[in-house]
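# Residue-level structural notes
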Amino acid sequence: AGTDTFRYVTPATLASSQSKQGYSDDLPSSAATNWTILATTHLLGTGPFIVQTYEVSGGAQVFMDVEIATNGDITFRTGASSSIGQFRCNILKVN
């Protein structure tokens, strides 16, 4: 007999669902004033999303321009060049 994962929550299906709800990374990967996290990188689809950025060094939230393309790519823009890994980005998929 097989397993019915359509109607029942199992530890495996719950873990799989939760792991697909968010993405975090330090950015940028090179000094820049803007950078993009591709949908093929975060694997969260096309949204909607909640996006937050923080300073890695102190943990303070940083507000910057964030643009979410219809294909799910997320572009961040700052007014000044940022150093490698200066910010921590958290992306949460909202269902």
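These lines cover the structure that appears in this document, whether it is placed above or below. (Residues numbered from 1 in each chain as written. Predicted model: local features only at pLDDT ≥ 70, side-chain atom pairs only at ≥ 80, totals over all residues. Heavy atoms only, no water.)

Turning our eyes to something else, we now look at the packing of aromatic side chains. Overall, the coordinates contain 2 aromatic pairs when judged by the stated rule. Look at W35 and F76: their rings are 6.1 Å apart centre to centre, the planes differ by 15°, and that puts the pair in the stacked class. Note that W35 is positioned in strand β2 (residues 32–37) and F76 in strand β6 (residues 74–82), a separation of 41 residues in sequence. For the pair shown, W35 and F76 are each scored as buried. Each ring, one from W35 and one from F87, has its centre 6.2 Å from the other, and the planes form 15°; the classification is stacked. One end of the pair, W35, is in strand β2; the other, F87, is in strand β7 (residues 87–93), with 52 residues separating them in the sequence. Comparing W35 with F87 shows no difference in burial state: the two are buried. (Phe/Tyr/Trp six-rings, centres within 6.5 Å; stacked < 30°, edge-to-face > 60°. Helix = DSSP H or I, 4+ residues; strand = E, 2+ residues; numbered from the N terminus. Buried < 20%, exposed > 50% of the residue type's maximum accessible area, 1.4 Å probe, protein only.)

So far we have only geometry, and geometry alone does not tell us how the molecule works.
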